[in-house]
Amino acid sequence: MFIVFLKFAENKTAAPHFMEQHKAWIQKGFDDGAFLLVGSLKPNGGGMVLARGSDRDALQARIDQDPFVVEKVVSAEVTEVAPNRADDSLAFLVA
């Protein structure tokens, strides 16, 4: 499992121009089963993605296709997490 931090970068002001493409990228991640959760970093810091899977290279290839990453609206930082305990409602995350 991975937490991807998408932190605003040098081209932050271009975000509105690429927002629809970025949203389509997010939807594809959900449709493919790769993304579990997305959200905003508060206050106004960018976003985050909780991604499933064990293939970091495949995730990085997906991240590299995000229009926000391509256009330097955000920079991506990937943190790998090995879950070992969860609330019963999230037990499916522990593998």
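Scroll up a little and you will see the structure.
Going along each chain's sequence as written, the residues are numbered from 1 onward. Reporting of local features is limited, given that this is a predicted model, to residues whose pLDDT is at least 70; pairs of side-chain atoms are given and counted only at 80 or more, and all residues count toward the totals for whole chains, interfaces and linings. Hydrogens and waters are ignored; side-chain quantities use all the structure's heavy atoms.

## Some details on the side chain of His22
And then number 1: The helix count covers DSSP runs of H or I at least four residues long, the strand count covers runs of E at least two residues long, and both are numbered beginning at the N terminus. Following the sequence through the fold, His22 ends up in helix 1 (residues 15-31).
And then number 2: Among the residues examined, His22 registers a relative accessible area of 9% and is labelled buried.
And then number 3: Contact between two residues is taken to exist if any of their heavy atoms lie within 4.5 Å; hydrogens are not considered. Setting aside anything within four residues of it in sequence, one finds His22 in contact with Leu6, Asp66, Pro67 and Phe68. For each residue, the accessible area found with a 1.4 Å probe, counting protein chains only, is set against the maximum for its type, and the residue is called buried under 20%, exposed over 50%, and partly exposed in between.

## Points about the pattern of salt bridges
And then number 1: For salt bridges, the criterion is a side-chain nitrogen of Lys or Arg within 4 Å of an Asp or Glu carboxyl oxygen. Under the criterion given, the structure shown has 5 salt bridges.
And then number 2: Its salt-bridge partner being Glu20, residue Lys23 comes within 4.0 Å of it at the nearest N-O pair. Here the residue Lys23 and the residue Glu20 both occupy positions in helix 1, the gap between them amounting to 3 residues, near one helical turn.
And then number 3: For Lys23, a relative accessible area of 46% translates into the label partly exposed.
And then number 4: For Lys28, the salt bridge identified is with Asp32, shortest N-O distance 3.0 Å.
And then number 5: The class for Asp32 is partly exposed, based on a relative accessible area of 42%.

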